[in-house]
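Residue-level listing of the chains:
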Amino acid sequence: MSPSELKVRGLAAGYHGFQVLQGLDLDVLPGITVVLGPNGAGKTTLLKSLAGLLPRAGEAVLDGVALPSGEATACVRQGLALVAEGRQLFPQMTVTENLELGAWLSTPRLRKERMARAFEDFPRLKERATQLAGTMSGGEQQMVAVARAMMSGPRLLMLDEPSLGLAPRMVDELLAIVRRIAAQGVTVLMVEQNVRKALQAADRGYVLERGKIVASGDAQDLLHSDVIRQAYLGAA
Ligand SMILES: Nc1ncnc2c1ncn2[C@@H]1O[C@H](COP(=O)(O)OP(=O)(O)OP(=O)(O)O)[C@@H](O)[C@H]1O
Ligand SMILES: [Mg+2]
């Protein structure tokens, strides 16, 4: 199966009448797409509304099939997975138990296959399979969160600030894993504050400000663009 594509047209979402996103158009092509933008721009709102955790208006079409609004389970069944801001692990459960929960909609056979795959892709987690998730380091916990999302067998993996709070070396390791996941044919949509590293790892990018897309394009072009250099990389 070829890698997935998500087409978003006229997306609107918000909270109790407070409109955060309006008329958003987005094409998430195979590879890695990064969404950049300041705090409060609506990045998390975008991912949550696509994952069915928040109602939205407008169209979101994954490989030709419309994603329902506000139906998280249906979105998982259609191949979406979200690694939420702040990881949301079960701290009193082991690494293995956390991973098993990621495959809650899958058959036991698939769960077993994907668990073996997860321990191949994340050797660090294999060594710590029986450790309580809450006692892992921040970077290790983020890996558990990504591995757990992969347990649902997604076609589109969405990550909300995966590098938050991680040391530079851990950020590099995590982004290398994300690249590997994309190379395996899983399309990735990632929100990041780590602008330079994210654009270096990504294929394409969007810049979101106050709920609107203000720039988009090839990641390398964005990295060298004035809008990114001045607003996000602190260039004079
Ligand atoms: N549950 C909520 N109820 C009401 N307003 C909310 C809620 N969650 C977010 N908002 C508001 O929606 C706007 C966008 O928030 P969002 O979390 O999407 O931003 P963000 O781009 O992810 O920011 P950050 O970089 O800080 O994570 C903000 O003004 C925020 O205060
Ligand atoms: Mg956010």
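About the criteria used
Residues numbered from 1 in each chain as written. Chains lettered and ligands numbered in written order. Predicted model: local features only at pLDDT ≥ 70, side-chain atom pairs only at ≥ 80, totals over all residues. Helix = DSSP H or I, 4+ residues; strand = E, 2+ residues; numbered from the N terminus. Rg over C-alpha atoms; globule rule 2.2 N^0.38 Å. Buried ≥ 20, exposed ≤ 12 C-beta atoms within 10 Å, placed from the backbone. Contact = placed C-beta atoms within 7 Å. Arc of directions from axis to C-beta. Pairing = 2+ DSSP bridges. Core = buried A, V, L, I, M, F, W, Y, C linked by C-beta atoms within 7 Å. Domains from an automatic or database assignment. Nonpolar A, V, L, I, M, F, W, Y, C, P; charged D, E, K, R; others polar. Near = placed C-beta within 6 Å. Axes fitted to C-alpha atoms, helices over the stretch in contact; angles between N-to-C directions.

**A closer look at the overall build of the protein chain**
When you go through the protein chain residue by residue, the secondary structure sums to ten helices and ten strands. Radius of gyration (C-alpha) of the protein chain: 17 Å, near the 18 Å computed for a compact globule of 236 residues. Burial status across the protein chain gives 42% buried among its 236 residues. Taking the intrachain contacts of the protein chain between residues at least 6 apart in sequence as the baseline, contacts between residues at least 24 apart amount to 66%.

**Digging into helix H3 (residues 95-102)**
Among the residues of H3, those classed as buried are Val-95, Asn-98, Leu-99 and Gly-102. The arc that holds every buried residue of H3, seen down its axis, measures 100°, which confines them to one face. Elements that come into contact with the buried residues of H3 comprise helix H4 (108-121), helix H5 (123-127) and helix H6 (138-150).

**Description of the pairing of strand S8 (residues 187-191)**
Counting buried positions over the five residues of S8 gives five, a clear majority of the element. With burial as the criterion, each face of S8 is covered, one bearing Thr-187, Leu-189 and Val-191 and the other bearing Val-188 and Met-190. Bridging between strand S3 (residues 32-36) and S8 involves four bridges; their strand directions are parallel. In the sheet register, Val-35 faces S8, and the bridge partner there is Val-191. Sheet topology places strand S7 (residues 156-160) next to S8; five bridges connect them, and they run parallel.

**Considering the nonpolar core**
In this structure, Leu-80, Ala-147, Leu-157, Met-158, Val-178, Val-188 and Met-190 are the most contacted members of the largest nonpolar core, which totals 70 residues. Among the elements that line this core, the one with the most residues is H6, at seven residues. Ignoring sequence-local partners within four residues, the contact set of Ala-147 consists of Leu-99, Ala-118, Phe-122 and Leu-125.

**Re the domain arrangement of the protein chain**
What the domain assignment lists for the protein chain is domain 1 (1-79 + 154-236) and domain 2 (87-153). For domain 1 and domain 2, the distance between their C-alpha centres works out to 23 Å. In this assembly, twelve residues from domain 1 lie in contact with ten residues from domain 2. Contributions of two or more residues to the side of domain 1 that touches domain 2 are made by helix H2 (72-77) and helix H7 (168-183). Across the side of domain 1 that touches domain 2, the residue classes break down as nine nonpolar, one polar and two charged.

**Observations regarding unusual backbone geometry**
Phi at Glu-161 takes a positive value of approximately 50°, unusual for a residue other than glycine. Mapped onto the elements of the fold, Glu-161 is located in the loop between S7 and H7. The class for Glu-161 is buried, based on 21 C-beta atoms found within 10 Å.

**Structural notes on the site of ligand 1**
All residues in the neighbourhood of ligand 1 are listed as Tyr-15, Phe-18, Val-20, Gly-37, Asn-39, Gly-40, Ala-41, Gly-42, Lys-43, Thr-44 and Thr-45. Of all the secondary structure elements, the ones that give two or more residues to the shell around ligand 1 are strand S2 (18-28) and helix H1 (43-50). Top contributing element to the shell around ligand 1 by residue count: H1, with three residues. Considering only residue class, the shell around ligand 1 consists of four nonpolar, six polar and one charged.

**Looking at the sheet that holds strand S6 (residues 80-83)**
Read from one edge to the other, the open sheet built from six strands follows the order S6-S7-S8-S3-S9-S10, with strand pairing classed as mixed. At either margin of the open sheet sits one strand with a lone partner, and together these are S6 and strand S10 (212-218). The mean inter-strand angle of the sheet, taken between neighbouring strand axes irrespective of direction, is 15°. Across the sheet, H1 lies against S3, S6, S7, S8 and strand S9 (204-209), angled at about 150° from S7, the strand it touches most. In this fold H7 packs onto S3, S7 and S8, with an angle of close to 150° to the strand it touches most, S8.

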